[in-house]
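Observations on the model geometry
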Amino acid sequence: LTLKKLVSTTHGARLAGALIEAMMSHIMSHARHSAEELAAELQKGCPDFFGADSRTFYHARDLLQLARDARARKENVLRDQYVNDAIALFMKVPTSGDLSAVCAELVDLRAFHGVTAVPLAAAAALEARAEEARFTMHSQPNVDMVVSLS
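How each quantity is defined
Residues numbered from 1 in each chain as written. Predicted model: local features only at pLDDT ≥ 70, side-chain atom pairs only at ≥ 80, totals over all residues. Heavy atoms only, no water. Helix = DSSP H or I, 4+ residues; strand = E, 2+ residues; numbered from the N terminus. Buried < 20%, exposed > 50% of the residue type's maximum accessible area, 1.4 Å probe, protein only. Contact = heavy atoms within 4.5 Å. Axes fitted to C-alpha atoms, helices over the stretch in contact; angles between N-to-C directions. Parallel < 35°, antiparallel > 145°, perpendicular 65-115°, else oblique. Left-handed = near helix turned anticlockwise from the far one by under 90°. Nonpolar A, V, L, I, M, F, W, Y, C, P; charged D, E, K, R; others polar. Core = buried A, V, L, I, M, F, W, Y, C linked by side-chain atoms within 4.5 Å.

1. Digging into the side chain of R61
For R61, the location among the structural elements is in helix α4 (residues 52–72). The exposure class assigned to R61 is buried, which follows from its relative accessible area of 9%. Leave out the neighbours within four places in its chain, and R61 touches E21, S25, M28, F90, A101, V102 and E105.

2. A short note on the packing of helix α2 (residues 10–30) against α4
Across the interface, α2 lies against α4 with an axial gap of 11 Å and an inter-helix angle of 20 degrees. Compared by their axis directions, α2 and α4 come out roughly parallel. Classified by chirality, the crossing of α4 by α2 is right-handed. Contact residues: α2 offers E21, M24, S25 and M28, while α4 offers F57, Y58, R61, D62 and Q65. Considering only residue class, the contact of α2 with α4 consists of 4 nonpolar, 2 polar and 3 charged.

3. Digging into the packing of α4 against helix α5 (residues 76–92)
Relative orientation of the contacting elements α4 and α5 amounts to 165 degrees, with a least axis distance of 8 Å. On the basis of their axis angle, the class for α4 and α5 is roughly antiparallel. Handedness of the α4/α5 crossing: left-handed. Contacts between α4 and α5 involve T56, F57, H59, A60, R61, L63, L64, L66, A67, A70 and R71 on the former and, on the latter, L78, R79, Y82, V83, D85, A86, L89 and F90.

4. Some words on the nonpolar core
M24, F50, F90 and L106 are the most contacted members of the largest nonpolar core, which has 25 residues in total. Counting residues per element, the ones that place at least two in this core are α2, α3 (36–45), α4, α5 and α6 (99–108). Examining the composition of this core, we find that 7 residues originate from one element, α4, more than from any other.

See below:
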């Protein structure tokens, strides 16, 4: 099985996405620098698995790390600014990453407004996708039912 064949399947594509998610999470939790450069390379090199939404998501995660650093220095105003900026980004791409990890980070930063707002935005986005899929499915003409009147 080649990598190309693997990622061309639905299961393989999910696996590739999960690997990228795990790699980015590992880098962000262990590196003391921004993951922005890596995110840019991933977006350029494998856009099917790491697009603009993923890049926005990891930028928001970087902001949460900066908020934790500001909290450690007791710079509460700066911490709050980073948290609010991160939440604003998560609200733009609520389904692009690991929601449970995001919520855990927000709880750690005592940003409870984000703990409620981001999952609600994710639920709304998922519902909109489901509704769109239902509409698309039902709006397609049923070729079995087409009758020629001539």
